[in-house]
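# Residue-level structural notes
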Amino acid sequence: MANELDRPMVYQIRLKGHLGPKWADWFGDVTITLEDDGETLLTCPVVDQAALHGLLRKIRDLGMPLIFAIRVKPP
């Protein structure tokens, strides 16, 4: 049963620490912004909830602390 969360959407995910540029290819279509406060902001288009969970699993595997993940309006 499809619902609103099964449609393409954009998430912002904030991590504690800076993610090196070598990870850009590993994340694919994700914009990586290194913030002045030492955090990393990932802006991620995802096609559905399964893709979001896959992305969160990648972040977990990095071992970087997750600060938050929120859905935002597409630019």
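Residues numbered from 1 in each chain as written. Predicted model: local features only at pLDDT ≥ 70, side-chain atom pairs only at ≥ 80, totals over all residues. Heavy atoms only, no water.

## Brief notes about the packing of aromatic side chains
Aromatic rings in a pair are described by how distant their centres are and how their planes are angled relative to each other. Taken as a whole, this structure holds 2 aromatic pairs when the rule is applied. Both rings, one in Trp 23 and one in Trp 26, keep their centres 5.2 Å apart while their planes meet at 70°; by these two values the pair is edge-to-face. Using a relative accessible area of 26% as the deciding quantity, one classes Trp 23 as partly exposed. What makes Trp 26 partly exposed here is its relative accessible area of 34%. Centre to centre, the rings of Trp 26 and Phe 27 are 5.3 Å apart; their planes meet at 70°, and the pair counts as edge-to-face. Its relative accessible area of 6% is what places Phe 27 among the buried residues. (Phe/Tyr/Trp six-rings, centres within 6.5 Å; stacked < 30°, edge-to-face > 60°. Buried < 20%, exposed > 50% of the residue type's maximum accessible area, 1.4 Å probe, protein only.)

## What about the nonpolar core?
If you look at the biggest cluster of nonpolar residues, it comprises 14 residues, and the most contacted ones within it are Ile 13, Phe 27, Leu 42 and Leu 55. Secondary-structure elements contributing two or more residues to this core are β1 (9–16), β3 (39–46) and α2 (49–62). Broken down by element, this core gets its largest block of residues, 4 residues, from β1. The contact partners of Phe 27, leaving out residues within four places of it in the chain, are Leu 19, Ile 32, Leu 42, Leu 55, Lys 58, Ile 59 and Leu 62. (Core = buried A, V, L, I, M, F, W, Y, C linked by side-chain atoms within 4.5 Å. Helix = DSSP H or I, 4+ residues; strand = E, 2+ residues; numbered from the N terminus. Contact = heavy atoms within 4.5 Å.)

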